[in-house]
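Remarks on the overall topology
Letter by letter, the chains look like this.
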Amino acid sequence: MTATDSPDTPSPGPATSLYRDTAAVEAAITDMAQALDTLLSARGAHAPLMIGIHTGGVWVAERLHALLGLTEPLGHLDISFYRDDFTRIGMHPRVRPSHLPVAVDDRHIVLVDDVLQSGRTIRAALNVLFDYGRPASVLLAVLAERSGRELPVEPNVVGLHADLAPGEHLKLAGPDPLTLYRGSPPPGGRSVAEDAAP
Amino acid sequence: MIAPTPTQQEQAAALQLDAQGNLKHFLTLDGLERSLLTDILDRAEGFLGVARQAVKKVPLCRGKIIANLFFETSTRTRTTFELAAKRLSADVLNLNISTSATAKGETLLDTLRNLEAMHVDMFVVRHADSGAAHFIATHAAAPVAVINAGDGCYSHPTQAMLDMFTIRAHKGGFEGLTVAIIGDVLHSRVARSQITALNTLGVAEVRAIGPSTLVPARSEEALGVRVFHDLRAGLRGVDVIILLRLQHERMDGGFLPSEHEYFHLFGLTDKRLGLAAPDAIVMHPGPINRGVEMDSSVADGERSVILEQVSNGLAVRMAVMSMCIGTQNLWLHAAGQQPPAEVGDV
């Protein structure tokens with residue numbers, strides 16, 4: 001999760017530069033929808049429950065939800081209470097309540113996030129999900145995947161593979177239009193990614 | 001009741017906040033800024049959702065030990081603090097001190113040292129003497145956090161914050177609101193904290209309504225309220241009505257002729273409720289005395305949000321507890337001198 005605190009902020013800050021413009025992001029999401037459709041059919045999971053991770057994941061999930069023509073409302077997941085760095089950076093000030101419209105028990109879930117790096121957000125999201133019930137299966141779809149995995153978490157569907165230096169981070173600005181920025185942490189301060197992590 | 005001088009306010013703020021302005025202890029609302037109070041309310045909003053989970057727990061305070069030190073009996077407050085701690089995955093010790101060691105002659109400080117030796121991370125303190133929670137916060141070894149669950153006639157900050165949460169949920173905000181607090185303002189730590197919170201959050205007017213024996217002299221300037229001794233006049237046009245419990249246990253003189261007389265003059269009935277704004281809500285910190293502070297028809301009526309206050313109390317207490325524990329974690333982490341993670345949680 002690398003979204004800005006304010007969803008309306010068009011650009012995430014001065015230390016960043018454009019990585020993929022809106023057209024490229026939308027094209028990647030269209031590809032993701034296609035791949036998801038194929039994968040879900042192959043698995044026989046015809047009416048999946050789609051859940052976006054706050055905040056950028058929800059934006060991507062909204063697009064996928066429309067492209068796949070899903071009728072059930074989208075679920076929102078906030079992982080702030082399940083983060084593993086609570087002991088390091090304290091609690092994120094603005095927690096948007098998780099909202100799952102229907103029970104997750106025995107459902108095929110499509111979990112959506114914007115950027116996958118360490119895998120820690122997904123670990124936390126899975127924990128939240130299982131505190132709501134026992135899904136039949138969980139697929140992971142991410143807009144951008146990059147190096148830096150710290151946990152054995154791999155996505156099932158990927159919009160784009162980003163090639164970044166270890167210190168750099170990716171940041172999705174939205175909700176409309178969606179644009180991907182790259183940037184390096186400001187010197188001497190907490191990284192933007194850390195500030196913006198959910 | 002005397003309003004704190006600025007120095008006292010500064011002292012209270014200094015004791016409660018770390019250098020970055022994070023909450024270390026939660027003892028009083030005196031000296032806390034509007035932004036911090038709003039922050040607590042915003043965070044509490046997020047905890048409401050935990051009640052909708054199949055597993056009604058989040059792991060924020062896993063491995064922490066929270067001790068409820070209740071030197072004064074309480075059911076509701078102790079239960080909600082206990083449940084809030086358990087929903088944060090903390091381990092909870094309930095110590096009913098009024099029947100234990102202090103009765104055998106142990107001093108408060110010795111009790112405290114013993115609990116510290118058990119590696120308790122947070123104390124939730126209720127005491128019949130004003131200032132007890134401050135005393136414990138001053139003497140507790142860092143980074144033990146202290147939350148005031150009510151001390152004497154002084155302060156009950158989590159109760160006031162859950163009331164603010166309930167008001168905001170119904171009214172959308174605080175601007176332009178007129179709030180009436182009715183009853184035993186003199187003995188009420190709840191009223192005192194509520195008045196501070198309401199004024200800090202910027203309501204238009206706080207009214208204190210009650211017999212002259214139960215509203216402190218010089219309240220207008222000392223507390224920042226408008227005083228009414230006539231219920232009907234005071235209720236006119238108010239948006240929020242907060243009733244206070246008559247505190248028999250703190251009344252040692254002839255404050256009232258009788259409960260019947262009190263109800264006759266200050267009890268809230270449906271007819272009197274009609275004087276307030278049409279969408280006015282009725283609140284009470286509990287436990288309610290039916291037929292004394294209000295009619296049963298008001299307590300159970302559609303304008304009453306009394307049970308909602310209890311549910312909101314859980315979310316607000318989870319927010320305050322996790323904020324204090326979070327700050328404590330920051331210190332511990334700093335003491336370990338490990339650099340914060342370079343890369344965010346992505």
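Residues numbered from 1 in each chain as written. Chains lettered and ligands numbered in written order. Predicted model: local features only at pLDDT ≥ 70, side-chain atom pairs only at ≥ 80, totals over all residues. Heavy atoms only, no water.

Another point: the domain arrangement of chain B. All names here are of chain B. Looking at the assigned domains, one finds that chain B contains domain 1 (8-155 + 310-334) and domain 2 (157-304). Domain 1 and domain 2 are separated by 26 Å when their C-alpha centres are compared. Listed per partner, the contact involves 34 residues of domain 1 and 25 residues of domain 2. Summed over both sides, the interface between domain 1 and domain 2 buries roughly 2,400 Å², with carbon and sulfur atoms accounting for 62% of that surface. The tally of links between domain 1 and domain 2 comes to 4 salt bridges. (Domains from an automatic or database assignment. Contact = heavy atoms within 4.5 Å. Buried area = accessible area lost by both parts, 1.4 Å probe. Salt bridge = Lys/Arg side-chain N within 4 Å of Asp/Glu carboxyl O.)

The next subject is the sheet that holds strand 6 (residues 157-161) of chain A. All names here are of chain A. The parallel open sheet is built from 5 strands, whose spatial order is 3-2-4-5-6. Looking at which strands have only one partner, the edges of the open sheet turn out to be strand 3 (75-77) and strand 6. Direction aside, the axes of adjacent strands within the sheet are offset by 25° on average. Strand direction decides the pairing type here: strand 2 (residues 49-53) and strand 4 (residues 108-116), joined by 4 bridges, are parallel. Within strand 4, the position partnered with M50 by the bridge is V110. Contacts between helix 1 (residues 22-43) and the sheet are confined to strand 2, strand 4, strand 5 (137-145) and strand 6, with strand 5 contributing the most and set at about 160° to the helix. Helix 4 (residues 120-132) rests against strand 2, strand 3, strand 4 and strand 5 of the sheet, and its axis sits at about 150° to strand 4. (Pairing = 2+ DSSP bridges. Helix = DSSP H or I, 4+ residues; strand = E, 2+ residues; numbered from the N terminus. Axes fitted to C-alpha atoms, helices over the stretch in contact; angles between N-to-C directions.)

Turning our attention to the environment of G46(B). Within the secondary structure layout, G46(B) lies in helix 2 (residues 34-47). Remark: the alpha-carbon pair of G46(B) and A315(B), spanning 269 residues in sequence, is separated by 8.0 Å. Apart from residues lying up to four places away in sequence, G46(B) is in contact with F81(A), V95(A) and P97(A).

All names here are of chain B. Looking at the element boundaries, R189 is found in helix 7 (residues 189-201). Between the alpha carbons of R189 and Q159 there is a distance of 9.5 Å; along the sequence they are 30 residues apart. There is a polar contact of 2.9 Å between the side chain of R189 and the side chain of E72. (Polar contact = N/O pair within 3.5 Å; in protein donor to acceptor, adjacent residues only side chain to side chain.)

In this structure the tally under the stated criterion is 0 disulfides over all chains. C324(B) carries a free sulfur, and the closest cysteine sulfur to it, the one in C61(B), is 9.7 Å from it. (Disulfide = S-S within 2.5 Å.)

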